[in-house]
Amino acid sequence: EELEDNSLATLLSNYRNFQPFTPIPRVLEPEAGSDSSKAIYTYLCYDAIRADGKMNSAIAVNISAAWINEGLELNVNNDMEQLYLVDNAETIRSVQTLQPIGLDSDMSTILQSLNVGASDGYEVIELDGVKSLISYTAFDQFDWYYFRVTPYQHIIAEAQQVGMMT
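Residues numbered from 1 in each chain as written. Predicted model: local features only at pLDDT ≥ 70, side-chain atom pairs only at ≥ 80, totals over all residues. Heavy atoms only, no water.

(A) A look at the nonpolar core. By size, the foremost hydrophobic cluster in this structure holds 14 residues, and its most contacted members are Leu111, Leu114, Ile134 and Phe147. Top element by residues in this core is strand S9 (residues 145-151). It accounts for three residues. Beyond its immediate chain neighbours, meaning those up to four positions away, isoleucine 134 contacts Ile110, Leu114, Gly121, Tyr122, Glu123, Ile125, Phe147, Arg148 and Val149. Of all hydrophobic cores here, the second largest spans nine residues; its members include Tyr41, Ala65, Leu83 and Leu85. (Core = buried A, V, L, I, M, F, W, Y, C linked by side-chain atoms within 4.5 Å. Buried < 20%, exposed > 50% of the residue type's maximum accessible area, 1.4 Å probe, protein only. Helix = DSSP H or I, 4+ residues; strand = E, 2+ residues; numbered from the N terminus. Contact = heavy atoms within 4.5 Å.)

Set out below in structure tokens:
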């Protein structure tokens, strides 16, 4: 009851649902006086498990998704390009907000058609009537992968601009 992060208690009681040393993407509810939620990755470190299956103690380290995303070259003002992650439970999440995207979405259908595996790749697919480049990574050590959706016209426009400048 004393924790500000009420969802942490639920996370700790269900720690067996998560692989050890794997970041857990979460969305913290807005604090009092704030209207925006905060996307974070939580790392759980816990000591020996008792005979009754409960942990003795734990440390939770929260790292903001915004800080981690600094190296991903995301342009938050660019609605044309979207970056997603798919975790080991096949939950599709926006990298910026960590909000899950419904499995009945067009994204889910597209992901099932991709040949994601041991190597990176790309495909050109029509998404919502827009020809788009879908580029994706191989599975990482957490069995996650990332994919980026970029409208094909945006890529062509950038290539033409480079051609004009050279």
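(B) Local environment of unusual backbone geometry. The phi torsion at glutamate 90 lies on the positive side, around 60 degrees, for a residue other than glycine. Position of glutamate 90 relative to the elements: it lies in the loop between strand S4 (82-86) and strand S5 (92-94). Look at glutamate 90 and you get exposed, because its relative accessible area is 59%. Backbone geometry at aspartate 143 places phi at a positive 65 degrees, although glycine is not the residue there.

(C) Here's a closer look at the sheet that holds strand S8 (residues 130-136). Read from one edge to the other, the open sheet built from six strands follows the order S6-S5-S4-S9-S8-S7, with strand pairing classed as antiparallel. Only two strands of the sheet have a single partner each, and these edge strands are strand S6 (100-101) and strand S7 (121-127). Across five bridges, S8 lies against S9 in antiparallel orientation. Counted as the bridge partner of tyrosine 136 is phenylalanine 147 from S9. Sheet strands in contact with helix H4 (residues 152-165) are S7, S8 and S9, and its direction is about 70 degrees off that of S9. (Pairing = 2+ DSSP bridges. Axes fitted to C-alpha atoms, helices over the stretch in contact; angles between N-to-C directions.)

(D) Quick peek at the sheet that holds strand S1 (residues 24-28). Pairing within the open sheet is antiparallel, and its three strands lie in the order S1-S2-S3. The open sheet has two edge strands with one neighbour each: S1 and strand S3 (58-64). Between one strand axis and the next, the sheet turns by 40 degrees as a mean value, whatever way the strands run.

(E) View of the pairing of S9. With six of seven residues buried, S9 is to be regarded as a mostly interior element. For S4 and S9, the ladder comprises five bridges, and the chain directions are antiparallel. Within the sheet, the bridge partner assigned to valine 86 lies in S9 and is tyrosine 145.

(F) Highlighting the pattern of salt bridges. What the rule picks out here adds up to two salt bridges. The partner of aspartate 5 in a salt bridge is arginine 26, with the nearest N and O atoms 2.5 Å apart. In this pair, aspartate 5 sits in the segment before helix H1 (7-13) while arginine 26 sits in strand S1, placing the two residues 21 residues apart along the sequence. Across the pair, exposure class does not vary: aspartate 5 and arginine 26 are buried alike. Of the charged contacts in the structure, one is a salt bridge between arginine 93 and aspartate 87, with a shortest N-O distance of 3.7 Å. With a relative accessible area of 8%, aspartate 87 lands in the buried category. (Salt bridge = Lys/Arg side-chain N within 4 Å of Asp/Glu carboxyl O.)

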